[in-house]
Structure formats: structure tokens, C-alpha cells
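# Structural characterization, general
Okay, here's what each chain looks like letter by letter:
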Amino acid sequence: QNLQAREDSGGWDFEFGDESTTADAQQSDKTPNQALEQIKVELEQANVDKAQLQNEVRSSEDQCRNLSTQLLQTQQSLEAAERQNAAAGSKAMQLQQTLEAVQQEKAAESSKVMDLQLALEAVQ
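Residues numbered from 1 in each chain as written. Predicted model: local features only at pLDDT ≥ 70, side-chain atom pairs only at ≥ 80, totals over all residues. Heavy atoms only, no water.

## Here we look at the overall build of the chain
- A count of helices and strands for the chain gives 2 helices and 2 strands.
- Moving toward the C terminus, one meets the helices and strands of the chain in the order β-β-α-α.
- Evaluated residue by residue, the chain yields a buried proportion of 1% over its 124 residues.
- Surface accessibility of the chain: about 11,200 Å² in total, with carbon and sulfur atoms responsible for 54%. (Helix = DSSP H or I, 4+ residues; strand = E, 2+ residues; numbered from the N terminus. Buried < 20%, exposed > 50% of the residue type's maximum accessible area, 1.4 Å probe, protein only. Areas by Shrake-Rupley, 256 points an atom, 1.4 Å probe, with all protein chains shown as cover.)

As C-alpha cells, then:
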């Protein structure tokens, strides 16, 4: 604050640079009541704001819990799908091996049939 001293009628009077101090002093108990009412209003608004923020926090926490649950379910579904994929891959490999074995047997049988036809032709 700006403190100024000035000489008035033979004495010193100290005056603060804040002009509202003088006006406040002249309105003695009206301004403090108004100030108190203003503080009450601000406190009520702060309490309303606090309640709203608490509701928002609770809502956000609920959303986080729901998202965590969904994430867990998705992870479990993914793991189950990966297991099914691995099992399907294993089954496909077994079927491929079986097919190759059958094809080899067929080729061997075809070779035997040809050998028998050649032997039959040779006999005739």
C-alpha cells in the first residue's frame, strides 16, 4: 500500500493509498454485512461447485471401472480367439500332413498299378 503523510493544521495525518478504506470506514456496519453476505454467497457457490466436481469424479470413476471391465473382457476374448486360432492351426497342420500321406499312398498305389499293368502286358 502506498503510505503518504501530509501536514494538516499543525499535525501529521497518515493516509493510505487505498481510497476505499476511507469509504469503507464511512459505511461502518453496512459494508461488513454486505461483505459477509458476499462471502456466504461465494461459499455456497463453492460448495455447489465442489458437489458438481465430486459428481464428475464419481462419474469418471464409474466410466473407468466400466472401461476396465470391458478391457478385461476384450482381453479374455482375444486370448480365447488366439487359443482357438492356435488349435485350428494345429488341426490344419495335422490335416495337411494326413493329406500328404494319403497323396503318397495314392502315388505308391498308382505306381503299383502301373507295375502290374506292365507285368500283365509282359505276360501277354
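## Looking at the pattern of salt bridges
- This structure, assessed with the given rule, holds 2 salt bridges.
- Linking glutamate 37 and lysine 40 is a salt bridge whose minimum nitrogen-to-oxygen distance equals 3.8 Å. Here the residue glutamate 37 and the residue lysine 40 both occupy positions in helix 2 (residues 30–123), the gap between them amounting to 3 residues, near one helical turn.
- A salt bridge links aspartate 62 to arginine 65; the nearest nitrogen and oxygen atoms lie 2.3 Å apart. With a gap of 3 residues between them, aspartate 62 and arginine 65 both fall in helix 2, about one helical turn apart.
- Given a relative accessible area of 38%, aspartate 62 falls into the partly exposed group.
- On the accessibility criterion, arginine 65 (47% relative accessible area) is partly exposed. (Salt bridge = Lys/Arg side-chain N within 4 Å of Asp/Glu carboxyl O.)

## A few points about the confidence of the model for the chain
- Summary statistics for the chain give a mean pLDDT of 84 and a share of 76% for residues scoring 70 or more.
- Predicted confidence in the chain is weakest over strand 1 (residues 3–8), with a mean pLDDT of 44, and strongest over helix 2, with 95.
- In this model, residues 1–14 is a region of pLDDT below 50 whose contacts with residues beyond four sequence positions or in other chains number 19 contacts.
- Confidence over residues 16–28 falls short of pLDDT 50; this stretch has 6 contacts with residues more than four positions distant or in other chains. (pLDDT = per-residue confidence, 0-100. Contact = heavy atoms within 4.5 Å.)

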